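So you can see what is in the structure, the chains are spelled out below.
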Number of protein chains: 2
Amino acid sequence: MLATMTELTIGELSERSGIATSAIRYYENRGLVWSRRTPGNQRRYERPMLRRLAFIRTAQRVGLSLEEIEEALAALPSNRTPNKADWSRLSRGWRPRLEAQIAQLERLRDTLDSCIGCGCLSLRRCSLSNPDDVVAERGPGPVLLEGR
Amino acid sequence: MLATMTELTIGELSERSGIATSAIRYYENRGLVWSRRTPGNQRRYERPMLRRLAFIRTAQRVGLSLEEIEEALAALPSNRTPNKADWSRLSRGWRPRLEAQIAQLERLRDTLDSCIGCGCLSLRRCSLSNPDDVVAERGPGPVLLEGR
DNA sequence: CCACAAGTTGAAGTGAACTTGAAGTCAAGG
DNA sequence: CCTTGACTTCAAGTTCACTTCAACTTGTGG
């Protein structure tokens, strides 16, 4: 394999991002990433695509669906390569979501001790089986954190 | 609808558990729950089945797959109706798993501030894209918590 | 006694996020 | 040049956890 120049093949992109080539093609079909084509019809990716993939992967870890990620990415400037501030702004929106997820799991853990820990595990009476609705928010903007 | 006697129809079970009848039948096909049949071939569930469903549902919230739940339930005594201690023992195994999930999200949140917060979001260098492998443990027993 | 709600079955459908396969084309080192 | 590995497309397959459907049969209040 020759020197890695300014553009990357799909294989190189895959290796560096840890995302399977099949997944990358799938993303490309969905419009999440894009590429230039060589005269022989092969994909060539610009390096900023790596960051985009990092964003996608991390967003997934936060629990976003590809559809939500698509929406988020649509908020990036289209006229220039996104800079740090752009990425930062986007990912800042995750924080409340993350916090909510953490809070929910913590509540579950705490209830586990008192409620399941005692073996009761009764529906209704027990908050364990009364799931606080999962945070489902669309678009950007703050996510509502509901109390207990 | 006549008085709720000692056995429950699938509809009653559904209403009390908040789980759709179709899901209950699906669970029954997978062997997660079972029922007696009336002369007319309708299902009748004993009340302890409610607790079993509560367990299943809660285990799902903790992130277990139905297959894992199947395994866990297999550890219950088959000769008698499980008591509080039985359920308690089973669900105690969730704690480490929950803790691990919480810890992972917290790490993600903290890294978010320093790493994505600054806009770097670089694969490899950034721990965000180096996901600590998700806890995947089989059967009971303590789950290893890996440090950062 | 009968209408109608609630129950039955097995097969097929759903949606998310990919993966796999077949049948080829392209690129680069020896 | 030529072999070999990387790449191409598009359709179909996979997994998980259900839901929906069609075509019945049961059970119950009035």
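Source: prediction; values computed, not measured.

A.B. asks: Honestly, unusual backbone geometry in this entry has me stumped. Any pointers?
C.D. replies: Negative phi is the rule for most residues except glycine; trans is the rule for most peptide bonds. Of note in the backbone geometry, A:Asn41 takes a positive phi value of approximately 75 degrees without being a glycine. Tracing the backbone shows A:Asn41 in the loop between β2 (36–37) and β3 (43–46).

A.B. asks: How should I be thinking about the packing of aromatic side chains in this particular structure?
C.D. replies: We describe a pair of aromatic rings using the distance from one ring centre to the other and the angle between the two ring planes. Under the defined criterion, the tally for this structure stands at six aromatic pairs over all chains. Relative to A:Trp94, the ring of A:Phe55 lies with its centre 4.9 Å away and its plane at 35 degrees, an arrangement referred to as tilted. Here the residue A:Phe55 occupies a position in helix α3 (residues 48–62), and A:Trp94 occupies one in helix α6 (residues 94–116), the gap between them amounting to 39 residues. The same class applies to A:Phe55 as to A:Trp94, namely buried. Residues B:Phe55 and B:Trp87 carry aromatic rings whose centres are separated by 5.3 Å and whose planes lie at 40 degrees to one another, so their mutual orientation is tilted. Placement of B:Phe55 in helix α3 (residues 48–61) and of B:Trp87 in helix α5 (residues 84–92) is noted, with a sequence separation of 32 residues between them. Considered together, B:Phe55 and B:Trp87 belong to a single accessibility category, that of buried residues.

A.B. asks: It is not clear to me how the environment of A:Arg51 should be interpreted in this structure. Could you clarify?
C.D. replies: All names here are of chain A. Relative to the helices and strands, arginine 51 is located in helix α3. Of the residues examined, arginine 51 reaches a relative accessible area of 28% and is grouped as partly exposed. With 36 residues separating them along the chain, arginine 51 and tryptophan 87 place their C-alpha atoms 9.0 Å apart.

A.B. asks: Even after reading the chapter, I still don't get the protein's contact with DNA strand D, so can you show me in this structure?
C.D. replies: Close contacts around DNA strand D come from 22 residues, with A:Gly11, A:Arg43, B:Ser22, B:Tyr27 and B:Gln60 the closest. Of all DNA strand D atoms lying within 4 Å of any protein atom, the proportion belonging to sugar or phosphate reaches 84%. Between DNA strand D and A:Arg37, the relevant distance is 2.9 Å, taken from a phosphate oxygen to a side-chain nitrogen or oxygen of the residue. Residue B:Thr38 places a side-chain N or O atom 3.1 Å away from a phosphate oxygen belonging to DNA strand D. For the surface near DNA strand D, the secondary-structure elements that each account for two or more residues are α1 (10–17) of chain A together with α2 (21–30) of chain B. Broken down by element, the surface near DNA strand D gets its largest block of residues, five residues, from α2(B).

A.B. asks: Any chance you could explain the sheet that holds β3(A) here in plain terms?
C.D. replies: Remark on secondary structure: sheet strands pair via backbone hydrogen bonds, oriented parallel or antiparallel. Residues and elements named next belong to chain A. Taken in spatial order, the three strands make up an open sheet running β1-β3-β2, and their pairing is antiparallel. For this open sheet the edge positions go to β1 (7–8) and β2, each flanked by a neighbour on one side alone. Direction of pairing for β1 relative to β3: antiparallel, over a ladder of two bridges. From the neighbouring strand, glutamate 7 faces β3, where its bridge partner is glutamate 46.

Thresholds applied
- Residues numbered from 1 in each chain as written.
- Chains lettered and ligands numbered in written order.
- Predicted model: local features only at pLDDT ≥ 70, side-chain atom pairs only at ≥ 80, totals over all residues.
- Heavy atoms only, no water.
- Helix = DSSP H or I, 4+ residues; strand = E, 2+ residues; numbered from the N terminus.
- Phe/Tyr/Trp six-rings, centres within 6.5 Å; stacked < 30°, edge-to-face > 60°.
- Buried < 20%, exposed > 50% of the residue type's maximum accessible area, 1.4 Å probe, protein only.
- Near = heavy atom within 4 Å.
- Polar contact = N/O pair within 3.5 Å; in protein donor to acceptor, adjacent residues only side chain to side chain.
- Pairing = 2+ DSSP bridges.

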